[in-house]
Amino acid sequence: MAVSEQARRVIEAAVLKQEARRCAALVADDIATLDELMADDLVHVHTTGIVHGKDQLLEHAGRFLRFYDVRRGDLLVRVPAETVAIVTGPMTNLVGRRDTDEKIGVNSFVTQVWALENGAWRVVSFHAVKQA
């Protein structure tokens, strides 16, 4: 069954709000919020090609990487069903390893799949590729 335009707009707004929370949580080092926003069976593909599940990603974000800034550009949200949203668009991160003062800018294009689980939108798939 097709998703109505009104439902699509509501879902789009909800998912974009959650994506803004995800970006803010990365910068704030808020691992509890990241945990809440990610599905237990998350598949996260980094720009480096490394693939993490949820637990690995939370450890990586909490112990190895430090996010100084996370910015999203114009995002396209497609809603094929009332419980699934696909978000695509650019992302620019300013990151560094926690054991150095070096900061690196990473420009990427991201595809995310969000699913409505127990009344909350969570990322089930995240795939980023580096852009020049």
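Use the structure listed above.
Residues numbered from 1 in each chain as written. Predicted model: local features only at pLDDT ≥ 70, side-chain atom pairs only at ≥ 80, totals over all residues. Heavy atoms only, no water.

1. Examining the layout of surface pockets
Then comes step 1: As a volume, the largest pocket reaches approximately 590 Å³.
Then comes step 2: In this structure, the largest pocket is lined by 29 residues; those nearest its centre are H46, H60, L65, F67 and V95.
Then comes step 3: Only α1 (5-28), β1 (38-45), α3 (54-64), β3 (65-72), β5 (84-97), β6 (104-117) and β7 (120-130) provide two or more residues apiece to the lining of the largest pocket.
Then comes step 4: The dominant element in the lining of the largest pocket, judged by the number of residues it contributes, is β5, at 5 residues.
Then comes step 5: For the lining of the largest pocket, a count of residues per class yields 16 nonpolar, 9 polar and 4 charged. (1 Å grid on protein atoms, 1.4 Å probe; cavity = no way out; pocket = protein on both sides within 12 Å on 5 of 7 lines; lining within 4 Å. Points joined across faces, edges and corners; volume = space filled by probe spheres on them. Helix = DSSP H or I, 4+ residues; strand = E, 2+ residues; numbered from the N terminus. Nonpolar A, V, L, I, M, F, W, Y, C, P; charged D, E, K, R; others polar.)

2. Focus: α1
Then comes step 1: Taking 1.5 Å as the rise per residue, α1 with 24 residues should run 34 Å; its terminal C-alpha atoms sit 34 Å apart, in good agreement.
Then comes step 2: Inspection of α1 places A7, I11, V15, Q18, E19, R22, C23, A25 and L26 among the buried residues, and these make up the whole buried set.
Then comes step 3: Backbone geometry just after α1 places D29 at a positive phi near 60 degrees. (Expected span 1.5 Å × (residues − 1). Buried < 20%, exposed > 50% of the residue type's maximum accessible area, 1.4 Å probe, protein only.)

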